[in-house]
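So the chains spell out like this:
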Amino acid sequence: VWDPSTDASFTPTPFTGGDLHCASQATLADGRVMIGGGQGSETHVGIHVTALFDAFTKTWSSGADMNDARWYATLLALDDGRVVITTGDDENKERVLEPEIYDPVANTWTTLMGASRDDTLYTFMYQLPDGRIFQAGPRAPTWFLDITGDGAWTPGPRNVTGASGYSVSSAMYRPGVILNAGGGDPAYADASVIDMNEASPAWRSIAPMNFPRRRHDLTILPDGSVLAVGGTGRADDDAFAVLEAELFDPETETWTVMDSMVEARMYHSSTVLLPDGRVVAGGGEGGERRRHAQVYSPPYLFNGPRPTITSAPDAVGYGQSFVVSTPDASDIASVALL
């Protein structure tokens, strides 16, 4: 565990129930982090582990084992508090065909036997504003997942771009509006968007990124823009690493080159939005293991003095109204809740 506000050293919090790398991750409604699957004896060998991390106590616990072992699966937290896991490879290196639903209250897994489909790894799963579950990639064909009863898949709008090999990145940067960017090997810079709120949604190409990227990270910022960080132009080779970040403007649907990193962030890297509006990038493979994080300050941090918050509640119930007080209210045009 690392506290970015103090920049203190890392506190080891090991999980002893299995190897959690190559797993999937989601945040439950109660704030716990959930990990599904991981790696067994070698790559493509999944495990049945459900690991739960409590950030307040900094402790791990084990949930009920999944019915199928999974490696490189995808977890999606749902609006009713449950979690769905899709795809992955099992303990025999075979693709898992059926999704499962996890109920964190009952601590049980239920397999959706009616939703059997051979799929790629690390798919992009989103819950739309109308409640539907949408797989937005990474390949060009997309799908809807119905989790009622035994479950079922139905085809969705076909994308104008797509790639396998978990090389594309994706973000739902507005409710129901999804961006897919990059992918391939050699990488391409193509980007596409879809607005699933429309009566007849369709993917459309937008301005490409300034750099071809594969296995890069997309982070949604509080002002609605999307930051692309890292990746490579070819394979997972340091020589083709992209050090320049770039920013996607959702109004113009264009990309602007931003500051460059001093260390490559490639396959197995992550970027996370911090509570103070900065972005931390860490991890990533390359010629050597990446042991240092890098922190990026987006342009909105330099638009003048930051507002001062003089009072705010310590806790808010779901669906309740609350008041945040500031002497700068007349100068504030919008508020983002992180």
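Worth saying up front: this structure is predicted, and the values here are computed from it rather than measured.

Chemist: Residues and numbers for the nonpolar core, please.
Modeler: Within the largest apolar cluster, 15 residues are counted, with the highest numbers of intra-cluster contacts made by Tyr-173, Leu-179, Ile-206, Leu-218, Phe-248 and Trp-255. Those elements giving two or more residues to this core turn out to be strand S13 (169-174), strand S14 (177-181), strand S15 (191-195) and strand S18 (226-229). The leading source of residues in this core is S14, at three residues. Dropping the residues within four chain positions of it, Leu-218 is found in contact with Ser-169, Ser-170, Ala-171, Leu-179, Ala-181, Val-226, Leu-227, Ala-228 and Trp-255.

Chemist: Any chance you could break down the sheet that holds strand S22 (residues 279-283) for me, citing the residues and the numbers?
Modeler: One key point about sheets: their strands pair by backbone hydrogen bonds, in either a parallel or an antiparallel sense. Read across the open sheet, the three strands follow the order S21-S22-S23; overall the sheet is antiparallel. Both outer strands of the open sheet, strand S21 (269-273) and strand S23 (294-296), are each paired with one neighbouring strand and no more. Going across the sheet, the axis of each strand differs from the next one's by a mean of 20 degrees, ignoring polarity. One ladder, built from three bridges, connects S22 with S23; its direction is antiparallel. In the strand pairing of S23, Ala-281 is matched with Gln-294.

Chemist: Let's hear about the sheet that holds strand S6 (residues 83-86): which residues, and what values?
Modeler: Spatially, the four strands line up as an open sheet ordered S5-S6-S7-S8, and their pairing is antiparallel. The open sheet has two edge strands with one neighbour each: strand S5 (74-77) and strand S8 (108-111). On average, each strand axis in the sheet is inclined to that of its neighbour by 25 degrees, with strand direction left out of account. One ladder, built from three bridges, connects S6 with strand S7 (residues 100-103); its direction is antiparallel. Along S7, the bridge assignment pairs Val-83 with Tyr-102.

Chemist: Describe the packing of aromatic side chains, with residues and values.
Modeler: Two descriptors summarise a pair of aromatic rings, namely the distance from one centre to the other and the angle between the planes of the rings. Inspection of the entire model under this criterion finds 12 aromatic pairs. A ring pair is formed by Phe-15 and Trp-60, whose centres lie 5.2 Å apart and whose planes are at 55 degrees; its orientation type is tilted. Of this pair, Phe-15 sits in the segment before strand S1 (24-27) while Trp-60 sits in strand S4 (residues 59-62), and the two are 45 residues apart along the sequence. Consider the rings of Tyr-173 and Phe-248, whose centres lie 5.4 Å apart with planes at 75 degrees: the pair is edge-to-face.

Chemist: Tell me about the layout of surface pockets, and name the residues and values.
Modeler: Here the second largest pocket defines a volume of roughly 1,600 Å³. As for the second largest pocket, its lining consists of 37 residues, of which Ile-309, Ser-334, Val-335, Ala-336 and Leu-337 are closest to the centre. When its residues are assigned to classes, the lining of the second largest pocket shows 23 nonpolar, nine polar and five charged.

Chemist: For the pattern of salt bridges, give the residues involved together with the corresponding values.
Modeler: If you walk through the whole model with that rule in mind, you get 14 salt bridges. Two residues, Arg-174 and Glu-251, come together in a salt bridge whose shortest N-O distance is 2.5 Å. With a gap of 77 residues between them, Arg-174 in strand S13 and Glu-251 in the loop between strand S19 (244-249) and strand S20 (254-260) connect regions that are remote in the sequence. Its relative accessible area of 35% is what places Arg-174 among the partly exposed residues. In this structure, the salt-bridge partner of Arg-265 is Glu-263, at a minimum N-O distance of 3.1 Å. Here Arg-265 and Glu-263 have matching classes, each one buried. Three or more residues are tied together by salt bridges with common partners; here these are Arg-214, Arg-215 and Asp-236.

Chemist: Talk me through a nonpolar patch on the surface; I want residue IDs and the actual numbers.
Modeler: Judged by side-chain polarity, Ile-309, Val-316, Phe-322, Val-324 and Leu-337 come together as a nonpolar surface patch covering roughly 510 Å² of accessible area. Inspection of the secondary structure puts Val-316 in the segment after S23. When its relative accessible area of 41% is taken as the criterion, Val-316 is described as partly exposed.

Cut-off values and rules
Residues numbered from 1 in each chain as written. Predicted model: local features only at pLDDT ≥ 70, side-chain atom pairs only at ≥ 80, totals over all residues. Heavy atoms only, no water. Core = buried A, V, L, I, M, F, W, Y, C linked by side-chain atoms within 4.5 Å. Buried < 20%, exposed > 50% of the residue type's maximum accessible area, 1.4 Å probe, protein only. Helix = DSSP H or I, 4+ residues; strand = E, 2+ residues; numbered from the N terminus. Contact = heavy atoms within 4.5 Å. Pairing = 2+ DSSP bridges. Axes fitted to C-alpha atoms, helices over the stretch in contact; angles between N-to-C directions. Phe/Tyr/Trp six-rings, centres within 6.5 Å; stacked < 30°, edge-to-face > 60°. 1 Å grid on protein atoms, 1.4 Å probe; cavity = no way out; pocket = protein on both sides within 12 Å on 5 of 7 lines; lining within 4 Å. Points joined across faces, edges and corners; volume = space filled by probe spheres on them. Nonpolar A, V, L, I, M, F, W, Y, C, P; charged D, E, K, R; others polar. Salt bridge = Lys/Arg side-chain N within 4 Å of Asp/Glu carboxyl O. Patch = residues over 30% accessible without salt bridge, like charges linked within 9 Å, V, L, I, M, F, W, Y side chains within 5 Å. Areas by Shrake-Rupley, 256 points an atom, 1.4 Å probe, with all protein chains shown as cover.

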